[in-house]
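Each chain is listed here by its residues.
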Amino acid sequence: MAPSFSFDRLGFIGLGAMGKPMVTHLANKLPPASRIWVYDVVESVVDDLCAQFPNRVLKGTNARDVAQQVDTIISMVPEGSHVRSVYLDTEKGVCSTDISNKLIIDCSTIDTATSLAVKDHIAQHYPTASFYDAPVSGGVIGAIKGSIAIFLGCGEEDPNLERLTHLMGLMGKQIIPCGAPSLGLAAKLSNNYLSGIIAIACSEAFDMGMRSGLDPRTLAKVYAAGTAQNTICDKFCPVPHVYPDAPSSGGWKQGFKVQLMRKDFGLAVDMAKRVESRNVLGEVGLATYDGASNDPRCRDLDSRVVYRYLGGQEDWQTKLNGA
Ligand code: NAD
C-alpha cells in the first residue's frame, strides 16, 4: 500500500507566475487538515491567495515567519540572489530561525553554486534539516495544468524520495531524481540549453526553407517525418500559424519569457565553463538571447520569438495567398 504523507503544515515562498498555480494545486489537493503558510515580497499576491482559500492558505509576514509555522518549505523565486535572501537573510530569512528536522525544497532555476551554498549552510547549522534543489520544466501552462516535470537533486536511495515524490506529484507529472545535490539544477540547465539552441536552429531552418519557396506547413511535415523531428518544431513552432497552439500563433504572448531563457542559457554556459565542457554554440546562443531580450519587439514575449529577432517572415500566409 502506498504510504500516506500528511503535510499538515506547509510553507510556500514566491507566488509569481509559477509559484501561484503550484500552491493552488497544493491548496486543492492536500488533505483537509493541511494548512499552507505563504509569503511573497509583493503583499497583494499573498492577500489574494489567502482570500481565495480562507482558513486553508495563511499569510506569512516574511520567510522566517513562514519557517516558524511549518514542517516543510517550498520556495519558487527568480534568481540566486533571491534564494540567498529567502534562506540566508540574517533577520528575516528561513535560516534565521531553528529549522531542525524540516524538509526544504527550492524549485527556483538558479546557479548550482548558490544552491550548494544554501545547502551547506543548512547542513552546518541544522544537520537534521534536509535541503533539495527541485527545478521544474513545463512553463506557466504546465504549472496551471499540474503537468510540470520536476528534477530532484537527490538519488534513488534518498530517504526522503518517496515523501518528495508524493508532494511534488501534487503539482507535477514526472518527478525525476537526478542523482545528487545540485544535479536537478544541472539537468534543468542542460535541458534549457538544448531547448534554446533547438529554437534558434529551428528558426533558421524554417527561414531558409521559406525564403527558398517552401510553405512552412510542408517544412513542419518534413521535419516531423525526418531526422530533425523535435518538440520545439512540433508543439512550439517558432513560425506563427503552423501549429495553432504554439505561443507564436498567439503573438508569442503566452509561454516562457525570452528574458528567462536568457537567464537560464547564461547559467548553462557558466556551468559548461566550470565543468570544462566544450561548448561551441554557447557564446552565439547567449548573444542571440541577449539581443532578443533587449529588443523591444521581443522583450517579455515567449522565447521562441527568437524567430522574429532573426528576421523570419511572420506574414507568410498573406504572401502565400498572393495578397
Ligand atoms: P516570477 O517573477 O513570476 O515570480 C517570482 C516571485 O518571487 C514574484 O512574485 C516575486 O515577488 C517573488 N520574490 C522575489 N524575491 C522574493 C523574496 N526574497 N521573498 C519572497 N518572494 C520573492 O517568476 P516565475 O516565472 O514564477 O519563475 C520562478 C522561477 O521558476 C525562476 O527561477 C524561473 O526561471 C523558473 N521557471 C519559470 C518558468 C516560467 O515559464 N515562468 C518555467 C520553469 C521554471
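Residues numbered from 1 in each chain as written. Predicted model: local features only at pLDDT ≥ 70, side-chain atom pairs only at ≥ 80, totals over all residues. Heavy atoms only, no water.

- The name that an unreviewed UniProt entry assigns to the protein chain is 3-hydroxyisobutyrate dehydrogenase, with the source organism given as Paraphoma chrysanthemicola.
- We quote the UniProt Sequence similarities (unreviewed entry) comment for the protein chain here in full: "Belongs to the HIBADH-related family. 3-hydroxyisobutyrate dehydrogenase subfamily."
- What UniProt states about the protein chain under its Pathway (unreviewed entry) heading is, verbatim, "Amino-acid degradation; L-valine degradation." (UniProt positions renumbered as here; feature names shortened; annotations may be inferred.)

1. As for the UniProt feature "active site" (unreviewed entry) in the protein chain
- Sequence positions flagged by UniProt for "active site" (unreviewed entry) are, in local numbering, K188.
- Here K188 shows up in helix α8 (residues 183-211).
- The exposure class assigned to K188 is buried, which follows from its relative accessible area of 5%.
- Those residues in contact with K188 that lie beyond four places of it in its chain are T109, P135, V136, S137, F151 and D264.
- At a separation of 2.8 Å, a polar atom in the side chain of K188 contacts the main-chain carbonyl oxygen of V136. (Helix = DSSP H or I, 4+ residues; strand = E, 2+ residues; numbered from the N terminus. Buried < 20%, exposed > 50% of the residue type's maximum accessible area, 1.4 Å probe, protein only. Contact = heavy atoms within 4.5 Å. Polar contact = N/O pair within 3.5 Å; in protein donor to acceptor, adjacent residues only side chain to side chain.)

2. Re the packing of α8 against helix α9 (residues 216-225)
- In contact at an axis separation of 10 Å, α8 and α9 are set at 130° when each is read in the N-to-C sense. Judged by the inter-axis angle, α8 sits oblique to α9. Two packed elements cross with a definite hand, and for α8 against α9 that hand is right-handed. Together, A205, F206, G209 and M210 of α8 and P216, L219, A220 and Y223 of α9 make up the contact between the two elements.
- Classifying every residue of the contact of α8 with α9 by side-chain character gives seven nonpolar, one polar and no charged. (Axes fitted to C-alpha atoms, helices over the stretch in contact; angles between N-to-C directions. Parallel < 35°, antiparallel > 145°, perpendicular 65-115°, else oblique. Left-handed = near helix turned anticlockwise from the far one by under 90°. Nonpolar A, V, L, I, M, F, W, Y, C, P; charged D, E, K, R; others polar.)

3. Focus: the site of the ligand
- Neighbouring residues of the ligand: 25 residues in total, closest A17, M18, D40, P78 and K263.
- Taking V77, its main chain carries an N or O atom lying 3.3 Å from an oxygen atom of the ligand.
- Bound to the protein, the ligand loses 86% of the 830 Å² it would expose on its own.
- Within the residue set of the shell around the ligand, elements represented by two or more residues are α4 (80-88), α6 (139-145) and α11 (258-274).
- The element that contributes the greatest number of residues to the shell around the ligand is α4, accounting for three residues.
- The class makeup of the residues in the shell around the ligand is 15 nonpolar, seven polar and three charged. (Near = heavy atom within 4 Å. Areas by Shrake-Rupley, 256 points an atom, 1.4 Å probe, with all protein chains shown as cover.)

4. Considerations on unusual backbone geometry
- Residue N55 is not a glycine yet carries a positive backbone phi of 65°.
- Structurally, the position occupied by N55 is in the loop between α2 (43-52) and β3 (57-59).
- Notably, E276 is not glycine yet its phi reads approximately 60°, a positive angle.
- Checked against the element boundaries, E276 lands in the loop between α11 and α12 (282-294).
- Judged by relative accessible area, which is 74%, E276 ranks as exposed.

5. Things to note about the nonpolar core
- Counting 38 residues, the largest nonpolar core has F12, M22, L26, I36 and V38 as its most contacted members.
- Sorting the residues of this core by element identifies β1 (9-13), α1 (19-29), β2 (35-39), α2, β5 (103-106), β8 (148-152) and α7 (161-169) as the ones contributing at least two each.
- Sequence-distant contacts of M22, that is, excluding residues within four places in its chain, are made with F12, M76, C107, V136, A143, I148 and M171.
- Membership of the second largest hydrophobic core comes to 35 residues, among which are L189, W252, V258 and M271. (Core = buried A, V, L, I, M, F, W, Y, C linked by side-chain atoms within 4.5 Å.)

6. Thoughts on the environment of G139
- Mapped onto the elements of the fold, G139 is located in helix α6.
- Separated by 30 residues in sequence, G139 and T109 have C-alpha atoms that sit 12 Å apart.
- G139 has contacts with M18 and I148, leaving out every residue within four places of it along the chain.

7. Details of the packing of aromatic side chains
- Summed over all chains, the structure comprises four aromatic pairs.
- Pairing Y87 with F131 gives two aromatic rings, centres 5.7 Å apart and planes at 85°, and the pair type is edge-to-face. Of the two residues, Y87 is situated in helix α4 and F131 in strand β6 (residues 130-133); the sequence distance between them amounts to 44 residues. The same class applies to Y87 and to F131, which are both buried.
- Ring centres of F265 and Y289 lie 5.6 Å apart, and the angle between their planes is 45°; this geometry places the pair in the tilted category. Of this pair, F265 sits in helix α11 while Y289 is found in helix α12, placing the two residues 24 residues apart along the sequence. Considered together, F265 and Y289 belong to a single accessibility category, that of buried residues.
- A cation sits over an aromatic face here: K119 above Y132, 6.0 Å from the ring centre.
- Sitting over the face of the ring of F7, R163 holds its NZ or CZ atom 4.6 Å from the ring centroid. (Phe/Tyr/Trp six-rings, centres within 6.5 Å; stacked < 30°, edge-to-face > 60°. Lys NZ or Arg CZ within 6 Å of the ring centre and 35° of its normal.)

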